[in-house]
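Structural features, examined
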Amino acid sequence: MDFIDYLDSRPIYQQIADRYKQLILTGVMEPDEQLPSVRKLAMELSTNPNTVQRAYAALEREGYVYSVKGRGNFVRANDTLKSKQKEELKGKMKDLIKEIQAVGLDPQELFAEAMEEAAEDDRD
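Cut-off values and rules
Every chain is numbered independently, its residues counted from 1 as its sequence is written. Reporting in this predicted model follows two pLDDT cut-offs: at least 70 for local features of residues, and 80 or more for side-chain atom pairs to be given and counted; totals over whole chains, interfaces and linings ignore these cut-offs and use all residues. Side-chain measures here rest on the full set of heavy atoms in the structure, leaving out hydrogens and waters. The term nonpolar core refers to a set of buried residues drawn from Ala, Val, Leu, Ile, Met, Phe, Trp, Tyr and Cys, joined through side-chain atoms within 4.5 Å. In this scheme, a residue with accessible area under 20% of its type's maximum is buried, one over 50% is exposed, and one in between is partly exposed, where area comes from a 1.4 Å probe on protein chains only. Helix numbers and strand numbers start at the N terminus; a helix is a DSSP run of H or I with at least 4 residues, a strand a run of E with at least 2. In what follows, residue pairs with any heavy atoms lying within 4.5 Å of each other are defined as contacts. Axes, fitted as lines to C-alpha atoms, cover a helix only where it is in contact. Angles between the N-to-C directions of the axes lie from 0 to 180 degrees. Nonpolar side chains (Val, Leu, Ile, Met, Phe, Trp, Tyr) within 5 Å and like charges within 9 Å form the patches, drawn only from residues with over 30% relative accessible area and no salt bridge. Per-residue and other accessible areas were derived by the Shrake-Rupley procedure at a 1.4 Å probe size, with only the shown protein chains allowed to occlude residues. For salt bridges, the criterion is a side-chain nitrogen of Lys or Arg within 4 Å of an Asp or Glu carboxyl oxygen. All tallies of charge rest on Lys and Arg as positive and Asp and Glu as negative; His and the ends of each chain are not included. Where a charge sits is defined by one atom per residue type, namely NZ (Lys), CZ (Arg), CG (Asp) or CD (Glu). Note on pairing: two strands pair once DSSP finds at least 2 bridges between them.

For the protein chain, an unreviewed UniProt entry supplies the name GntR family transcriptional regulator and the organism Lactobacillus nasalidis.

Structure (structure tokens):
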């Protein structure tokens, strides 16, 4: 599992939580599917169990998973997660567009260039 990038500035628990969000939103993890136990994932990632627990707590707070006492953590069946994520991304894009315009660049041109580079990255 490539959950942790030590060169990433985000905390490790956030990287773990973000990876699970991605797996849930893309449908790789199905509703009611059990996440690995805190201890098991901590061993696989060679990290502290408290870090994994913090990631799971963040996922639960944000509505991605639910916990069953004594059983573990499970993916929540929730159709609004994707629309919530879409709204968050739209907000980030609006902020980015404003920033691009503030420095005098054309957002559409920059977006087209970024899309081309992303397509090239996907081919590599």
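Thoughts on the nonpolar core
Counting residues in hydrophobic clusters, the biggest one holds 23 residues, and the most contacted among them are I16, Y20, L35, Y56 and L59. Looking at this core, the elements with two or more residues in it are α1 (12-25), α2 (38-45) and α3 (49-61). A per-element tally of this core places α1 first, with seven residues. What I16 contacts, discounting residues up to four positions off in sequence, is F3, L41, L45, T51, V52 and A55.

Re the packing of helix α4 (residues 80-102) against helix α5 (residues 107-123)
Viewed as axis vectors pointing N to C, α4 and α5 meet at an angle of 115 degrees, and their least axial separation amounts to 9 Å. When α4 is examined against α5, the residues M93, I97, I100 and Q101 are found in contact with a partner set consisting of P107, L110 and F111.

Things to note about a negative patch on the surface
Where like charges cluster on the molecular surface, the negative patch consists of D106, E109, E113, E116, E117, E120, D121 and D122. On the secondary structure map, E117 appears in helix α5.

A closer look at the pairing of strand β2 (residues 72-75)
Taken together, the four bridges between strand β1 (residues 65-68) and β2 define a ladder with antiparallel strand orientation. What sits directly across from S67, in β2, is N73. Joining the antiparallel neighbours β1 and β2 is a turn of three residues, in which G70 adopts a positive phi near 80 degrees.

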